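Residues per chain, in single letters:
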Amino acid sequence: MSGCDHTRELLGGHVLGGLSDEETRLVEEHLEGCPRCGREYAELAGLPELLDLAGSADTEPEAPPQSLEEAVLDRFARERRGLAPPTRMPRRGLRVGAALAAAAAVALAALAIAGVFDSERAEAYGHVDMRGHGGGAWAELRSVRAGTEMKLRVWGLERARPGSYDVWCVAESGRWISGGSFDVDANGRAEVELTSAARAGQYHRMLVTRGRKDGRGVVLAGRVEY
Amino acid sequence: MTVSDAQLIGRLANDPTGEGLRTLYRRYAGELYGFALNSLNDRGLAEEVVQDAFTSVWRHADRFDPEIGSFRTWLYGLARNRIVDMRRRASVRPAVAAGEEVEERGEVDRSLDEAMLRWQIASALTRLSPDHREVIRMAHFQALTMREIAAALGLPLGTVKSRSYYALRHLRLVLDEMEVGR
Ligand SMILES: [Zn+2]
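Given the structure is predicted, the values throughout are model-derived calculations rather than measurements.

This paragraph deals with the overall build of chain A. A count of helices and strands for chain A gives 7 helices and 8 strands. Residues counted as buried form 43% of the 226 residues belonging to chain A. Look at the contacts in chain A between residues 6 or more apart in sequence, and 57% of them connect residues 24 or more apart. Surface summary for chain A: the accessible area is close to 12200 Å², and the carbon and sulfur share equals 51%.

Written as structure tokens, this is what we have:
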């Protein structure tokens, strides 16, 4: 066994400080005279110090909740929806001056932001009746570019801190796709239009949660009727 | 073939489905969340950091320049700003003098860098095989010698030595991927 091979075999133990005195001496002697092994050692030598930072070899990192992914994509879809160019351009015909065209563009952009271009067409593709905890909700579902727009009517829910109630579309896989959040008035009612990234056919259940964004927070649930 | 981060960002502007963003999210959200949680010790705030960082990604996709740094570096920078922000807001301790405030900011920066590093090492370790993690646990954290480990695991001494070497090499490789300097 050449000096290099032997040194490589001991290098891990050397860096981790687990060799016998005799082995340590052999490795150190070789490293002094061998730049190649010296470079290899230099790559690993800083690891113990880094390991000390971790404090343990088994800190299991906590994963973010599944709902976060949907929340991120949902916000993206909403902004996209707001910023997306209109699907149809105004009809050709009158020649308009540059200023007028610009004004028209601004007006179109405003319409796009208001969601007019998304909601003006599609018929409802389904609805859902959610029940629980002495309250209920009914939603009409229609396809828009960003996914699904839901017209939601809620009653009988307790007044809660702003942003406490969330709507979810539950995919076949069990994944929760956010439908956004809403607040109820003093009578426990709400009437809102929300958008979810979920698409028709992708999900078959809808939920409303309060506070917690998981199974324990569910206050209303229902099956989607397509 | 894997699509690069830079390619995905380039496509964000014309990505109606959000699939590109989802890919980026799945690549980085886990470690970013861990970093935020480690720094803030609050799940709700950590979620907010991740969401805000990714929001900045698509809003300012044009500011990302792969020539300057990797997507990971950029993303962590975005998250870092948000964390510093939150910590500042959360801190109720009034600064006695302006000098102290400056010092505190440096301290926050340092502790954040350390939190990030600590988090990266911990998460790199979880990417090693159980065998590799075990030998590092025993040799480094329990300060056992190669001989003691061999006896404890009932393995030939040569196996423990080469396993230690490959465990460290693999750890170095994972850290290189995470851009943790040497
Ligand atoms: Zn050598």
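For the rest of this paragraph, the subject is the interface of chain B and chain A. With 52 residues of chain B at the interface, the matching set in chain A holds 43 residues. Considering only the side of chain B, the residues that lose the most area to chain A are Tyr25, Trp58 and Leu168 of chain B, jointly responsible for 14% of the buried surface there. Summed over the shared surface of chain B and chain A, the result is 9 salt bridges. When the shortest N-O distance is used, the salt bridge between arginine 43 of chain B and glutamate 62 of chain A registers 2.4 Å. Where the side of chain B that touches chain A is concerned, the elements lending two or more residues are helix 2 (19–40), helix 3 (43–59), helix 5 (98–126), helix 6 (130–141) and helix 8 (157–177) of chain B. In terms of residues, the side of chain B that touches chain A owes the most to one element, helix 8 of chain B, which gives 10 residues.

Moving on, we come to the confidence of the model for chain B. On average, residues of chain B score 84 in pLDDT, and 87% of them are at 70 or above. Long-range and interchain partners of residues 92–103 of chain B, a stretch whose pLDDT sits below 50, account for 3 contacts in this model, where long-range means more than four residues apart.

About the cut-offs
- All residue numbers refer to positions counted from 1 along the written sequence of the respective chain.
- Here the convention is simple: chains get letters from A, ligands get numbers from 1, in the order in which they are written.
- A pLDDT threshold of at least 70 governs which residues receive local features in this predicted model, and a stricter bar of 80 or more applies before side-chain atom pairs are shown or counted, although totals over entire chains, interfaces and linings include all residues.
- Based on all heavy atoms of the structure, the side-chain values leave hydrogens and waters out of the count.
- Comment: elements are numbered from the N terminus, with helices defined as DSSP H or I runs of at least four residues and strands as E runs of at least two.
- Under the scheme applied here, a residue whose accessible area is under 20% of the maximum for its type counts as buried, over 50% as exposed, and between as partly exposed, the area being computed with a 1.4 Å probe on protein chains only.
- What makes two residues a contact is simply this: any of their non-hydrogen atoms within 4.5 Å.
- Exposure was quantified through the Shrake-Rupley algorithm and a 1.4 Å probe, taking into account, for residues, occlusion by the shown protein chains and nothing else.
- Buried surface area refers to the total accessible area, computed with a probe of radius 1.4 Å, that the two partners give up upon joining, counted for both partners together.
- A pairing counts as a salt bridge when a side-chain nitrogen of Lys or Arg comes within 4 Å of a carboxyl oxygen of Asp or Glu.
- Looking at any residue, its pLDDT shows the predictor's confidence there, from 0 to 100.

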